[in-house]
Amino acid sequence: MNCKITGAEALMLSLKAEGVKTIFGYPGGAIMPTYDALYDYTRGEKKAFEHILVRHEQAAAHAAEGYARVSGEVGVTLVTSGPGVTNTLTGVADAMMDSTPIIVIAGQVQTAVLGSDAFQEVDLVDVAQPITKWAYQIRSAKDVAWAVSRAFYIAKSGRPGPVVLDFTKNAQTEIIDYKPAKVDFIRSYVPYPEPKQEKIQEAASLINNAKKPLALVGQGVELGGAQEELRTFLEKTDIPAGRTLMGLSALPSDHPLNMGMLGMHGTYAVNLKEQEADVIIAIGMRFSDRVTGDLSRYAKQAKIIHLDIDRSEIDKCVKTTVAVVGDCKVTLPALTSLCQKADHTEWKDSFKSLHEKERERVIIPATQPKEGPLLMGEVAYNVAQLSPDNTVLVTDVGQNQLMSARYFKYLKNRSIATSGGMGTMGYGLPAAMGATFGAPERTVCCFMGDGGLQMVIQEFGTIMEYKIPVKMILLNNSYLGNVRQWQDMFFNRKQSFTPMTNPDFSQIAHAYGIAYRKVADRTELQDAIREMLSTDGPFLLETVIKPNANVEPMTAPGKAIDEMQLNVEC
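This is a predicted model, so every value here is computed, not measured.

## Let's talk about the sheet that holds strand β20 (residues 539–544)
Inference 1: Spatially, β16-β15-β17-β18-β20-β19 is the arrangement adopted by the six strands of the open sheet, whose pairing is parallel. Among the strands making up the open sheet, the edge pair consists of β16 (416–417) and β19 (515–519).
Inference 2: Packing against the sheet, helix α24 (residues 525–534) makes contact with β17 (444–449), β18 (471–476), β19 and β20, and its axis sits at approximately 165° to β20.

Structure representation (structure tokens):
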């Protein structure tokens, strides 16, 4: 294909060639020529994209993240220069920490005035480089096709992540003879390392001789599309598994080898058993501090096998015995073929008493209370039980995140979108918007606290305009709840600026035409959830929950993971 077009239209054709269907964005001066071209590509014969006009650029980046997380495709954001693109950088950093493939395309001033502090100029490439896989400035229209193809290749290959393209205004308006480009190789960039057979053999030998093996499953399994390979490996070796927050839907909740969630607020049995296992097989996870607790006391008794596509993660936090570097879609089957069929019934049965202890002291009191105010856990549990099996859970950050993640059910792949590494308040609502476009056939339930919602409450306008059918569950305790819990536990109950005076959310929902119901009485809870799930379109369910409830169990900062407290004392 050869034709004379502007750089802006070349961007449209390049995005179309990459299979882009949805763009989340906000126009402005420096990106106006591109929005002019986009107009024709959202309607009529040229129609290729659906553009979602968010109400704040940060929401555009988070929406792209939500889209990417549930669809497995690259999320795309289009914004202007200066404050437009700097507003997206929280989402870019979030995507980098959580290995989410998004591309932010931002307008930039004319090349001739770069470096002159022109209106809304910012040195985007230098600002973005530390928090992206690649940041590049397009100064000529002839580079558009190459830059876009390279951006998509980098964003989605290997360990995924964000890319930022800085699109100068002259490059948008320049006329060129457009030629498509396809980048599928970059010298010195090796997204899929070749696994070493001897390392796979060493790992298999350790597993075959293990008496108390434990698998730690991370999001890398889902990013690599290796969910079936994981199950085959676990079932042949009969190895129990814990899942990270980000990897919760990599193994179904009801799988007999699933022992629960890892980490600070994870499952009691898994945390304690990590300190007893003789071989730990970490698959597509990075040994976050929220998983390991005090590193100096983490799993000193165990031989560590680490399967990861990113060589930089090996030995970064935890010293490995055997490292298998490569795509788990490849390494897991290779490892499985060398592993013997095993039976670890006695080891698996040793988890049961710990599970029962947690069920009696934490789970039943949190999910099935008989009296008192509504609890976070019972709201999450009831939403999970009444929702369709393919429901996607999206969370904001804080107690709402920890409780909903803990009590939700994960029966399908790619069923959770949450901010893990950055812990970004305000992530939930826009990510849920993006998720509805990434998986339009699935129900999307978004759990938020009153703090996180009000960071992005302007996105009710986006939901109103596009009738986005996200089901929003507001856990309202009139606190910044997670910070309050830590203040009570570690700062002598000095609740420094964590109580919140909130607005009347019913009036706000009404103003935006969003169906709404408020529940404070548990006798109404299930009926309200059914009403929410059956409503055609968006719904805000506000639940008035116990103000000073805590997330339990918990491993306090600085403690070893087997020092986890079932019941938190404040």
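## As for the side chain of N477
Inference 1: Mapping N477 onto the fold places it in the loop between β18 and α22 (481–490).
Inference 2: When its relative accessible area of 5% is taken as the criterion, N477 is described as buried.
Inference 3: Only 3.3 Å separates the side chain of N477 from the side chain of Q399, close enough to count as a polar contact.
Inference 4: Within polar-contact distance, the side chain of N477 engages the backbone nitrogen of Y479 at 3.1 Å.
Inference 5: The contacts of N477, once residues within four sequence positions are left out, are Q399, D450, I545, K546 and P547.

## Thoughts on the sheet that holds strand β10 (residues 241–243)
Inference 1: Sheet architecture is open: six strands sit in the order β11-β10-β9-β12-β13-β14, paired in parallel fashion. Each edge of the open sheet is held by one strand with a lone partner, namely β11 (258–261) and β14 (322–325). Here the strands of the sheet are splayed against their neighbours by 20° on average, with no regard to which way each runs.
Inference 2: Two strands pair when backbone bridges link them, and strand β9 (residues 213–217) and strand β12 (residues 279–283) are joined in this way by five bridges, in the parallel orientation. Note on β12: the bridge partner recorded for P213 is V279.
Inference 3: Here helix α9 (residues 197–208) sits on the sheet and contacts β12, β13 (303–308) and β14; the angle it forms with β14, its principal contact strand, is near 130°.
Inference 4: Helix α14 (residues 328–338) rests against β12, β13 and β14 of the sheet, and its axis sits at about 135° to β13.

## Description of the environment of S496
Inference 1: Secondary-structure assignment places S496 in the loop between α22 and α23 (505–511).
Inference 2: Sequence separation between S496 and V483 is 13 residues; the distance between their C-alpha atoms is 9.2 Å.

What counts and what doesn't
Residues numbered from 1 in each chain as written. Predicted model: local features only at pLDDT ≥ 70, side-chain atom pairs only at ≥ 80, totals over all residues. Heavy atoms only, no water. Pairing = 2+ DSSP bridges. Helix = DSSP H or I, 4+ residues; strand = E, 2+ residues; numbered from the N terminus. Contact = heavy atoms within 4.5 Å. Axes fitted to C-alpha atoms, helices over the stretch in contact; angles between N-to-C directions. Buried < 20%, exposed > 50% of the residue type's maximum accessible area, 1.4 Å probe, protein only. Polar contact = N/O pair within 3.5 Å; in protein donor to acceptor, adjacent residues only side chain to side chain.

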